[in-house]
Amino acid sequence: MKFVRRIYAIFHRNLLMKTMAIGVILALLACMCLIQLANVQLINGRDMAQAAAQSRTITVTLKARRGKILDTNGSILAQSVERYTIIGNPEEAQAFIPTTCTKQTGDNCHQIDGKPVGATGAAAVARLLAPVLGMDATELGAKLSGTGQYAVLKKDVTPAVKRKISKLNLGGIVYAELSNERLYSNGTLMGALLGGVNDEGEGVAGIEQMENKLLTGKDGYQVYQRGNSGVEIPGTMTESQDAVNGSDVTLTIDHDVQWYVEKVLKEGREKYQSAWGVAMVQDIETGDILALADSDEVQAGSDQAKLGVSRAVSETFEPGSIGKVFAMSGMLQLGLHQMTDKFTVPDSYTVNGQTYKDATTHGAEHWTLAGILEQSSNVGMVMAGDKMSNEQRYDFISKFGIGQNTGLGLPGESSGVLHPADEWDQRTRNTVLFGQGYTVNVMQITNAVAVIANKGVKKPQRIIKSVTDSEGHTQEKKAKGEATRVLDEQVASQMLNAMESAADHYSSFVKVDGYRMAAKSGTAEVAGSDGRLSSIISDYSAIIPADNPRYVITVVLKDPQGSFGGLTAGPLTAEIGEFLMQKYEIPASSPRTDAIAVDW
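Conventions and cut-offs
- Residues numbered from 1 in each chain as written.
- Predicted model: local features only at pLDDT ≥ 70, side-chain atom pairs only at ≥ 80, totals over all residues.
- Heavy atoms only, no water.
- Helix = DSSP H or I, 4+ residues; strand = E, 2+ residues; numbered from the N terminus.
- Expected span 1.5 Å × (residues − 1).
- Buried < 20%, exposed > 50% of the residue type's maximum accessible area, 1.4 Å probe, protein only.
- Contact = heavy atoms within 4.5 Å.
- Polar contact = N/O pair within 3.5 Å; in protein donor to acceptor, adjacent residues only side chain to side chain.
- Pairing = 2+ DSSP bridges.
- Axes fitted to C-alpha atoms, helices over the stretch in contact; angles between N-to-C directions.
- Salt bridge = Lys/Arg side-chain N within 4 Å of Asp/Glu carboxyl O.
- Disulfide = S-S within 2.5 Å.
- Phe/Tyr/Trp six-rings, centres within 6.5 Å; stacked < 30°, edge-to-face > 60°.
- Lys NZ or Arg CZ within 6 Å of the ring centre and 35° of its normal.

Participant: When you look at helix α10 (residues 255-272) in this model, what are you seeing that I'm missing?
Facilitator: Because an α-helix completes one turn every 3.6 residues, residues spaced three or four positions apart along the sequence face the same direction. For α10, with 18 residues, the first-to-last C-alpha span of 26 Å sits near the 26 Å given by 1.5 Å per residue. Those residues of α10 that fall on the buried side of the exposure criterion are His255, Val257, Gln258, Tyr260, Val261, Glu262, Val264, Leu265, Gly268 and Tyr272. Those residues of α10 hidden inside the fold are in contact with β3 (76-88), β11 (276-283), β12 (289-294), β23 (551-558) and α20 (569-583). At the N-terminal end of α10, a side-chain oxygen is found 2.9 Å from the backbone nitrogen of Asp256, two or three residues along, and the residue is Asp254. Following α10 by one or two positions, Gln273 has its phi on the positive side, about 55 degrees.

Participant: Looking at this structure, how should I read the sheet that holds strand β8 (residues 220-225)?
Facilitator: Consider a sheet: its strands pair through backbone hydrogen bonds, and that pairing is either parallel or antiparallel. In spatial order, the strands read β1-β8-β9; together these 3 strands make up an open sheet with antiparallel pairing. Only two strands of the sheet have a single neighbouring strand rather than two, namely β1 (57-62) and β9 (239-241). Between one strand and the next, the sheet's axes are offset by a mean angle of 20 degrees, whatever the strand orientation. As paired elements, β8 and β9 share 3 bridges and run antiparallel to each other. Along β9, the bridge assignment pairs Gln222 with Ser240.

Participant: Looking at this structure, I do not really get the sheet that holds strand β22 (residues 535-544). What am I missing?
Facilitator: With antiparallel pairing, 5 strands are arranged side by side in an open sheet as β12-β11-β23-β22-β21. A strand with exactly one partner marks an edge of an open sheet, and here the two such strands are β12 and β21 (518-526). Here the strands of the sheet are splayed against their neighbours by 10 degrees on average, with no regard to which way each runs. Direction of pairing for β11 relative to β23: antiparallel, over a ladder of 8 bridges. Counterpart to Val278 in the pairing with β23 is Val556. Along the sheet, helix α19 (residues 489-505) contacts β21 and β22; its crossing angle with β21, the most-contacted strand, is approximately 70 degrees.

Participant: Mind showing me how you'd approach unusual backbone geometry here?
Facilitator: Excluding glycine, most residues fall at negative phi; most peptide bonds, likewise, are trans. Ile544 connects to Pro545 through a cis peptide bond whose omega is -15 degrees. Mapping Pro545 onto the fold places it in the loop between β22 and β23. For Gln273, which is not glycine, the phi dihedral falls at a positive 55 degrees. Residue position: Gln273 is located in the loop between α10 and β11. Here the phi dihedral of Glu585 falls at roughly 50 degrees; this positive angle occurs in a residue that is not glycine. Tracing the sequence through the fold places Glu585 in the segment after α20.

Participant: Even after reading the chapter, I still don't get the pattern of salt bridges, so can you show me in this structure?
Facilitator: When the charged atoms of two side chains lie near each other, side chains of opposite charge can form a pair. Per the stated rule, a full pass over the model turns up 18 salt bridges. Across the salt bridge formed by Lys63 and Asp219, the nearest N and O atoms sit 3.9 Å from each other. With Lys63 in the loop between β1 and β2 (69-70) and Asp219 in the loop between α9 (212-215) and β8, this residue pair connects regions lying 156 residues apart in the sequence. Salt-bridge contacts for Lys399 lead to Asp395; the nearest nitrogen and oxygen are separated by 3.5 Å. Pair noted here: Lys399 and Asp395 are both in helix α16 (residues 390-399), with a separation of 4 residues, about one helical turn. Lys399 sits in the partly exposed class, given a relative accessible area of 36%.

Participant: What exactly am I supposed to notice about the state of the cysteines here?
Facilitator: The term disulfide refers to a covalent linkage connecting the sulfur atoms of a pair of cysteines. What the rule picks out here adds up to 1 disulfide. Between Cys101 and Cys109 runs a disulfide, and the two sulfur atoms are separated by 1.9 Å. Every disulfide takes its handedness from the sign of the S-S torsion; for Cys101 and Cys109 that torsion is 95 degrees, giving right-handed. Note on Cys109: relative accessible area 10%, which makes it buried.

Participant: What am I meant to see in the packing of aromatic side chains here?
Facilitator: Remark: the centre distance and the inter-plane angle together describe each pair of aromatic rings, the angle taken between the planes. Applying the stated criterion across every chain, the model contains 8 aromatic pairs. Ring centres of Tyr506 and Phe509 lie 5.8 Å apart, and the angle between their planes is 70 degrees; on these two criteria the pair is classed as edge-to-face. On the accessibility criterion, Tyr506 (16% relative accessible area) is buried. Aromatic ring contacts, followed pair by pair, group Trp259, Tyr260 and Phe579 into a single cluster. Between Lys399 and the ring centre of Phe396, over which it is positioned, the NZ or CZ distance is 4.8 Å.

Participant: What am I meant to see in the environment of Leu62 here?
Facilitator: Position of Leu62 among the secondary structure elements: in strand β1. Measuring from C-alpha to C-alpha, the distance between Leu62 and Ser240 comes to 9.4 Å, with 178 residues separating the pair along the chain. Not counting residues within four places of it along the chain, the set of residues in contact with Leu62 comprises Asp219, Gly220, Tyr221, Gln222, Gln241 and Ala243.

What follows is the structure, encoded as structure tokens:
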């Protein structure tokens, strides 16, 4: 019995000691917790709260919309529309467990066609998301199975799709970032001329590149706290800046005219089996470009449009006999000749060891200076230019804008080549009189012919009509450069008269019923792919109506069957002219009564 009591006393004493020890330890822990709680709440409370808020705070970029590109009448050629980039959070996706749909969960659950998802993690998210995005669930699952918290799932998603995603109850796992998609409403119309934008929305070619600064807006931002579901916590926005959309750029291009010119070029290229064609329409009074087209069918905004340049802008060529207009204008302006001066012109002529020939064989013809232009005689031009120095020849060709940048600012524009007079050899000094030995682009030659139509004044060209900022303020854009007088009005009038006779020369197949035209055709041998003079440039430039000049039309073809510009490019020019007269309801011409004699 004593033994039992002894054991009980020892056990009781030890239990009491252990209980006391545990009590002391618990008391110490309680004190430490109180101390830590005081530290958190009283000493470091503010820092902890700030750290928690900072972890939830995000800065969201508000994307500015790129400005529109419109034609002269307000038709949209290019615009940016609201789109979204769908983003996934792989870490959250892999931890995702679908919520079974019951009466208690209501709509805050996950199912596919009324059935359970049948998976967890990234696979479950992919199964829910795939039908809405129109993507393969396996592909989505792979993207969501990576590391990190950011994975692009799909770009350029419409607002309607974004709204469907919002109803999937995947907040914090899948969300949308606002972006813009660049749309071109007319397919290949002006494709290469409009160009395109890169993935960052920057213009990289064509007008998109030329006017990128104006078209590009300024992004805004919002700073706020986001909850676990990825949604903004109301009342937590601390800072914001609205996005400023880019300005709208209105061109001088008329959509209808551009469409018709491209149509005529395409059909003409097929008809004459030419390698390519370019064409342009210019308003004489304003210098506005109404159409600038080429036969290449390039989708606006495509990789081809973004990597290339419009042929109408970049292609240069010898103008051929259209160049006679510029050289003959100089002869008249310098007083070296009158349009009625008489010449006896053979079909072949040799001077300084160089022989020049006309396109056709003929006897000694009695032509006036006007007749030399009407008959497009190379020999006659060399004979008439006998007293014109090399410097004078160069001076007048360059005064028409040949070999000089147009000032339009179009990316990829080539200025052509007009070598200084002191670099000419004995042959080049004469070939420049009939449009060979230098090169031009279609904008230069069109504006040069417009000098004749505009009473001797060269006006700067314009392709940008106006700019409208994001607040709706519109500013008219002036053409770069000043108008300059190249010829006296009387000289320009005589040249216009002679060009009308040149147009009459082809009137049996190049005409617009009811309207007079002043024109000049051109045909030039140029280097082909073999490096020899094996290719042909055929062109035609017309002023219509001749009695009240409104438009200049130029068409250029490379290697057409039929060769001569008047037989190939000429009829296409007439088609465009007829369209212009009808579209703009131009009054019919009065009969011609003042033609300068072309022979004697």
